[in-house]
Amino acid sequence: MIVMKFGGTSVGSAARIMATTDIIAHSQKPAIVVVSAMSGITNRLEAVARGNDNKESIIDAHLKEAALLGIDVSEFADCARGILEGAHTESEIKACGEQLSSALIIRHMRAIGMDAVLLDALSFMRLNEDGYPDTPFLKKHLADALQQSGPHAVYLTQGFICRDAAGHVSTLSRGGSDYTATLLGEAAEATEIQIWTDVNGVYTADPRIVAHAQRIPHLNYGIADYAASFGAKILHRACVSPAWRNSIPIMVLDSFHPDAPGTVIGPKPIGNGFKIVASITDPEQPDMVKVSLIGHDYNINENDIRKIVGNDINIVDAGLATYMMVPRHKEKETIVALHDNFVTSEL
Ligand code: ADP
Ligand code: ASP
Ligand code: MG
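These notes cover the structure that comes with them. (Residues numbered from 1 in each chain as written. Chains lettered and ligands numbered in written order. Predicted model: local features only at pLDDT ≥ 70, side-chain atom pairs only at ≥ 80, totals over all residues. Heavy atoms only, no water.)

## Digging into the site of ligand 1
Here is step 1: Taken together, the neighbourhood of ligand 1 is formed by 16 residues, with Thr197, Asp198, Asp206, Arg208 and Lys233 sitting nearest.
Here is step 2: Between ligand 1 and aspartate 198, the relevant distance is 2.8 Å, taken from an oxygen atom to a side-chain nitrogen or oxygen of the residue.
Here is step 3: Contact distances for ligand 1 include 2.9 Å between an oxygen atom and a side-chain N or O atom of lysine 233.
Here is step 4: Within the complex, 89% of the 580 Å² of free accessible area of ligand 1 lies under protein.
Here is step 5: Given that more than half its atoms are within 2 Å of the pocket grid, ligand 1 belongs to the largest pocket. (Near = heavy atom within 4 Å. Polar contact = N/O pair within 3.5 Å; in protein donor to acceptor, adjacent residues only side chain to side chain. Areas by Shrake-Rupley, 256 points an atom, 1.4 Å probe, with all protein chains shown as cover. 1 Å grid on protein atoms, 1.4 Å probe; cavity = no way out; pocket = protein on both sides within 12 Å on 5 of 7 lines; lining within 4 Å. Sits in = over half its atoms within 2 Å of the grid points.)

## Quick look at the state of the cysteines
Here is step 1: The tally for this structure, following the rule as stated, stands at zero disulfides.
Here is step 2: Residue cysteine 96 stays outside any disulfide, its sulfur separated by 11 Å from that of cysteine 79, the closest cysteine.
Here is step 3: Judged by its relative accessible area of 0%, cysteine 96 falls in the buried class. (Disulfide = S-S within 2.5 Å. Buried < 20%, exposed > 50% of the residue type's maximum accessible area, 1.4 Å probe, protein only.)

## A word on the sheet that holds strand β10 (residues 263–266)
Here is step 1: Ordered in space as β3-β4-β2-β1-β7-β9-β10-β8, the eight strands form an open sheet in which the pairing is mixed. Single-partner strands in this sheet number two, and they are β3 (116–118) and β8 (218–220). Across the sheet, the mean angle separating the axes of adjacent strands is 20 degrees when strand polarity is ignored. (Pairing = 2+ DSSP bridges. Helix = DSSP H or I, 4+ residues; strand = E, 2+ residues; numbered from the N terminus. Axes fitted to C-alpha atoms, helices over the stretch in contact; angles between N-to-C directions.)

## Section: the nonpolar core
Here is step 1: Judged by nonpolar contacts, the single largest core of 56 residues is most densely connected at Phe124, Met125, Leu142 and Leu235.
Here is step 2: Discounting chain neighbours no more than four positions away, the residues touching leucine 142 are Ile32, Leu119, Phe124, Leu184, Ala187 and Ala188.
Here is step 3: Counting 43 residues, the second-largest nonpolar core is a separate cluster that includes Val35, Ala37, Cys96 and Leu104. (Core = buried A, V, L, I, M, F, W, Y, C linked by side-chain atoms within 4.5 Å. Contact = heavy atoms within 4.5 Å.)

Following this line, the structure appears as structure tokens:
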């Protein structure tokens, strides 16, 4: 079994859904395929929950893509209305994004003759009393769901959504479909977890901020784990450890360029030098950003960092990360400066 996860931009339109199902059709089977909501939909559902957007506009956005996919629009409209009308709490409304995208994608998969079934993630993704994934529950109930549905090439399911310990619909934190994918990989003892997104792997910094950032072909689990928890948005902050503790490789791949090599996250030696710069907002201090250098470097001299980013910076050594708080308006220049001065070219 392999697990393949497709993020919002990989399922964000009829054209992207066609490209994604094409990738799945040509890949190893059986596969558990985890999908996010169409891009932008979770934000809009948050607005619906606050009364700033309406359910009808969310349905329309999906019906437009259903029509382009040649799906029976009136049948899908009934399904989409049923999903949204049954959602009342904020979590239930947020969960609709993945329920809608998966309902659309399974119809397209069947229309093109793919041997695919839809598994309801709410039947196995559960949090324990402490709010963490209940991995024994997940393992047992995923096995039950797979067994009940019988052998298929593709088991499609929703990322991000789950139930809490009391059984109420809940969600993982934002970007959580990556975490769903690695938890499912662990539960299904997958041989590989593929995170398909809109960039060709993990880079030395967000390529939208540092245009000359470099792709990292092989990345150590520990560095990837730090990068995720220190804000590299390409990976959900908690998603590395389920794969790491089971030695399952994570491949980060580009659904816009399926033949591009991407990044393999695995047991590569850490080596010296900083590998990645990442940043994250501190919810306690919304005007400040935590900018981190991630990697191993015994020789880091704080004065060298101060020479680059200024004297009034408090530099904290946190194991595989060295971080500093900077005002939000200095975020980008700090990332570029740290990247260009400290990230090693030995990747
Ligand atoms: P998805 O919807 O597929 O989950 P995300 O938007 O959550 O995609 O994550 C992909 C984005 O992560 C990229 O478009 C990129 O801007 C951003 N990103 C941040 N840090 C990195 C990094 N170090 N390497 C690559 N991409 C990064
Ligand atoms: N749809 C959710 C979000 O936008 C989960 C995800 O995309 O990973 O946060
Ligand atoms: Mg994401």
